[in-house]
Amino acid sequence: MGIARVVALVRTVAYLGLEAREVEVQCQVAPGLPRFSVVGLPDKAVGESRERVQAALAAMGLALPPKRITVNLSPADLPKEGSHYDLPIALALLAAMGVTDAEQLGDYVAVGELALDGRVVPSPGVLLAAIHANEAELGLICPAAQGSEARWASDVPVVAAPDLTALLNHLKGHGQLPAPEQGEVEKPQPGPDLNRVKGQETAKRALEIAAAGGHNLLMSGPPGAGKSLLAACLPGILPPLTPAEALEVSMVQSVAGMLEGGRISRARPFRAPHHSASMAALTGGGLKVRPGEVSLAHLGVLFLDELPEFQRPVLDSLRQPLETGKVDVARANAHVSFPARVQLIAAMNPCRCGHLGDAALACSRAPRCAVDYQAKISGPMLDRIDLHVDVDPVSAADLALPPPAEGCAQVLARVTAARARQSARFDQSKARTNAELDGDALEEFASPDEAGRTLLMQAAETMRLSARSYTRMLRVARTIADLAGMEDVGRIHVAEALSYRRIAMRG
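Heads up: these notes are all about the structure in this document.

1. Quick word on the overall build of the protein
Looking only at helices and strands, one finds 22 helices and 18 strands in the protein. A separation of at least 24 residues holds for 73% of the contacts in the protein among residues at least 6 apart in sequence. Working note: accessible area of the protein is about 22700 Å², and carbon and sulfur atoms make up 53% of it. In the protein, 51 positive and 56 negative side-chain charges are present, and the distance between their average locations comes to 5 Å.

As structure tokens, then:
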């Protein structure tokens, strides 16, 4: 006569970047010495699930059977990280104990952390789990606080449970939990308006070009010239995210645990990390792989103030994401990718003292100090910045002038029109903005006329433009033509694009 063993299965997910990979939680209750073990490459948070599950069951008045309990997270060679395994482990154990119907649980994917009193509390990544459940044509069991977040994933049936007792009653048909409502779309928070910026017409023009084409921009000028204010005005002249883009951004925020109350925003992200940020904070990684600032700014703006003050290896780690639009975090046991299609806006002083052009204020080491200070930024990094603009100091007389008549609303109208031209032009292309043009699309849509090509070739030889710089100049010229409402790129557009190209200082 065989030994009786009870095995129950519950589906959940493991997060690898923005991919939710299916994990099967298998629970076996078998005769033997009392023991509760979790296997299948669990990290510390998953291993500690034993204590949380046991305490949550005790809060319901249930005790673990005096048998050998084994929970296996399959596939066993896939690393398991996070506290969202608590709920599926508890449900698999309850099914193995005969408290709930194991067959019924096969129709759901379950995620959620358990509190010691049996409450189901939020955990990162619920939106990804809901999208996975929708693709697998399954329902989702998740914390009540994240039900509205899960509802963004099409028509997936969502059971949003406040605690284990309410969830079990729902599954048994004794008390139906209400279906959660879809989260709200947040209204964008107003930022500073461009009419607060007095003077700086060249910088404002460069900012408009950057917004219209999604180009990277570097502003250099003395302290107090308005560089940070200009950068803060950029979100006000960027068109809102499309519904598909908003979902992309929300998936990154969900993995990072930043999607509060299921509220999705149509405003483009604006991230401004401090210059002391580490490489993991900027590009992602850490003990538990999480998206960094460059991924949290996906489809938005990454603002780096005091650019030379960032550690050089940290800055250089951005070179690949700026080129490819994604971040690859390689580990011995996993390879994780996060999207990072960002618009880089950077600001810097021309030298350490910041007053290079003012003989009365500049330090005694000028201009050598400027060469040393700017050399902290590598050439390949600067090569990835499309627009370089000098921001001149603002005088007291400028500040006394009345505010400019043109603000963000007027500039946004021109930027939106330029972006609409790009969307229509790239209908059959993967590119979303001119900054993403490459290959045949660049040749087809951004080639200048004969006079423009001649000027660009002369400039390429005189300024020693790299192949990357040449390509970026074409993209900027295409954006300038779009802002002018011109279908063809002419000499005047190329000339303005070249005026924003940095000529390196030499010692």
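2. Observations concerning the pattern of salt bridges
If you walk through the whole model with that rule in mind, you get 27 salt bridges. For Glu48, the salt bridge goes to Arg52, with nearest N and O atoms at 3.9 Å. On the basis of relative accessibility, which here comes to 15%, the residue Arg52 falls in the buried class. Between Arg414 and Glu208 there is a salt bridge; the shortest N-O distance is 2.8 Å. Remark: Glu208 occurs in helix α8 (residues 201–213) and Arg414 occurs in helix α18 (residues 408–425); sequence separation between them is 206 residues. Overall, the relative accessible area of 6% leaves Glu208 in the buried class. Taken together, the salt bridges that share partners define one network made up of Glu323, Asp383, Arg384, Asp386, Arg468, Arg472 and Arg501.

3. Regarding the pairing of strand β14 (residues 301–304)
Burial along β14 is two-sided: Val301 and Phe303 facing one way and Leu302 and Leu304 facing the other are all buried. The pairing of strand β13 (residues 270–271) with β14 spans two bridges and is parallel. Looking at β14, one finds that Arg271 is bridged to Leu302. Here β14 runs beside strand β17 (residues 343–348); their pairing, made up of four bridges, is parallel. When the sheet's bridge partners are listed, Leu304 is paired in β17 with Ala346.

4. Some points on the sheet that holds strand β11 (residues 217–220)
With parallel pairing, the five strands of this open sheet are ordered in space as β13-β14-β17-β11-β18. Lying at the two open borders of the sheet, with one neighbouring strand each, are β13 and β18 (387–390). Relative to the sheet, α8 contacts β11, β17 and β18, its axis offset from that of β18 by approximately 165°.

5. Topic: the environment of Leu114
Its place among the elements puts Leu114 in strand β6 (residues 113–114). On the basis of relative accessibility, which here comes to 1%, the residue Leu114 falls in the buried class. It is 8.3 Å that separates the C-alpha atoms of Leu114 and Ser49, two residues lying 65 residues apart in sequence. Excluding its chain neighbours within four sequence positions, the residues that come into contact with Leu114 are Arg52, Val53, Ala56, Asp86, Leu87, Ala90, Arg119, Val120, Val121 and Leu164.

6. Remarks on the pairing of β17
Of all the six residues making up β17, six are buried; the element is thus mostly covered by neighbouring parts of the structure. Side chains Gln343, Ile345 and Ala347 project from β17 onto one buried face, and the interleaved Leu344, Ala346 and Met348 project onto a second face that is buried too. Taken together, the four bridges between β11 and β17 define a ladder with parallel strand orientation. Paired with Ser220 across the bridge in β17 is Met348.

7. Quick word on the packing of helix α3 (residues 86–96) against helix α7 (residues 164–172)
Where α3 meets α7, the axes come as close as 12 Å, and the angle between the chain directions of the two elements is 55°. Considering their axes alone, α3 and α7 lie oblique with respect to each other. In terms of crossing hand, the pair formed by α3 and α7 is right-handed. Residue-level inspection shows Leu87, Ala90, Leu91 and Leu94 of α3 in contact with α7, the latter providing Leu164, Leu167 and Leu168.

8. A word on unusual backbone geometry
In this structure, Pro75 follows Ser74 across a cis peptide bond, with omega equal to 5°. With respect to the secondary-structure elements, Pro75 resides in the loop between β4 (68–74) and α3. The phi dihedral of Glu306 falls on the positive side, at around 55°, and the residue is not glycine. Accessibility expressed as a relative area gives 26% for Glu306, which makes it partly exposed. Even without being a glycine, Arg464 presents a positive backbone phi close to 55°. You can see Arg464 is positioned in the loop between α20 (450–462) and α21 (467–483).

Definitions and cut-offs
Residues numbered from 1 in each chain as written. Predicted model: local features only at pLDDT ≥ 70, side-chain atom pairs only at ≥ 80, totals over all residues. Heavy atoms only, no water. Helix = DSSP H or I, 4+ residues; strand = E, 2+ residues; numbered from the N terminus. Contact = heavy atoms within 4.5 Å. Areas by Shrake-Rupley, 256 points an atom, 1.4 Å probe, with all protein chains shown as cover. Lys, Arg positive; Asp, Glu negative; His and termini not counted. Charge placed at Lys NZ, Arg CZ, Asp CG, Glu CD. Salt bridge = Lys/Arg side-chain N within 4 Å of Asp/Glu carboxyl O. Buried < 20%, exposed > 50% of the residue type's maximum accessible area, 1.4 Å probe, protein only. Pairing = 2+ DSSP bridges. Axes fitted to C-alpha atoms, helices over the stretch in contact; angles between N-to-C directions. Parallel < 35°, antiparallel > 145°, perpendicular 65-115°, else oblique. Left-handed = near helix turned anticlockwise from the far one by under 90°.

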